[in-house]
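# Structural description and commentary
Letter by letter, the chains look like this.
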Amino acid sequence: MTQHTEDRVGKIHWSAPERGSWAADRFGRQVGGVRRDEHGYVATRGGRTVGRYRSLDAALDAVDHHSWTHLQPSRYWTLLLATINVGIIAAMSLIATAILR
């Protein structure tokens, strides 16, 4: 089974490498997938579980309709907080250096 869907930047290609498993690739790199288990279908995207769905179509849509051009909100906030922490550490180092001189 191969299904092609259009994304804003590129195409998501679906293939079924084995029974009960579907892989999504974009520009030749695997970006997500769906696997069937005893409770339904588990969708993953970027190594993270997106959710558990009762139908295959819902699981495929969960992977397809993600914007591949933007950072995920959790990654954005992690980057922002890391930048703030580095700035605080640098400021503390400058203050400590000034006091010790």
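Residues numbered from 1 in each chain as written. Predicted model: local features only at pLDDT ≥ 70, side-chain atom pairs only at ≥ 80, totals over all residues. Heavy atoms only, no water.

Before going further, it helps to spend a moment on the pairing of strand β4 (residues 29-37). Across six bridges, strand β3 (residues 21-26) lies against β4 in antiparallel orientation. Bridged to Arg26 within β4 is Arg29. Remark: two residues form the turn of the hairpin made by β3 and β4, two consecutive strands paired antiparallel; Phe27 in that turn has positive phi of roughly 55°. Note: β4 against strand β5 (residues 40-45), six bridges, orientation antiparallel. When the bridges of β5 are listed, Gly32 appears paired with Arg45. (Pairing = 2+ DSSP bridges. Helix = DSSP H or I, 4+ residues; strand = E, 2+ residues; numbered from the N terminus.)

Next up on the list: the environment of Gly51. Within the secondary structure, Gly51 is located in strand β6 (residues 48-53). Residue Gly51 is classed as buried on the basis of its relative accessible area of 16%. Setting aside anything within four residues of it in sequence, one finds Gly51 in contact with Tyr41, Val42 and Ala43. (Buried < 20%, exposed > 50% of the residue type's maximum accessible area, 1.4 Å probe, protein only. Contact = heavy atoms within 4.5 Å.)

A few words now on the confidence of the model for the chain. Looking at the chain as a whole, its pLDDT mean stands at 82, while 82% of the residues score no less than 70. Summarising per-element confidence for the chain, the mean pLDDT is lowest in strand β1 (residues 3-6) (47) and highest in β5 (92). The low-confidence segment residues 4-8, where pLDDT is below 50, has twelve contacts with residues more than four positions distant or belonging to other chains. (pLDDT = per-residue confidence, 0-100.)

Moving on to the nonpolar core. Formed by 13 residues in total, the largest nonpolar core has its most connected members in Trp14, Trp22 and Val34. Breaking this core down by element, the ones donating at least two residues are β2 (11-18), β3, β4, β5 and α1 (56-64). (Core = buried A, V, L, I, M, F, W, Y, C linked by side-chain atoms within 4.5 Å.)

Applying the stated criterion across every chain yields a total of two salt bridges. Where Arg35 meets Asp37, a salt bridge forms, and the shortest distance between an N and an O atom there is 4.0 Å. Close ionic contact of Arg52 with Asp37 constitutes a salt bridge, the shortest N to O distance being 2.4 Å. In this pair, Arg52 sits in strand β6 while Asp37 sits in strand β4, placing the two residues 15 residues apart along the sequence. Among the charged side chains, a network of salt bridges with common partners joins Arg35, Asp37 and Arg52. (Salt bridge = Lys/Arg side-chain N within 4 Å of Asp/Glu carboxyl O.)

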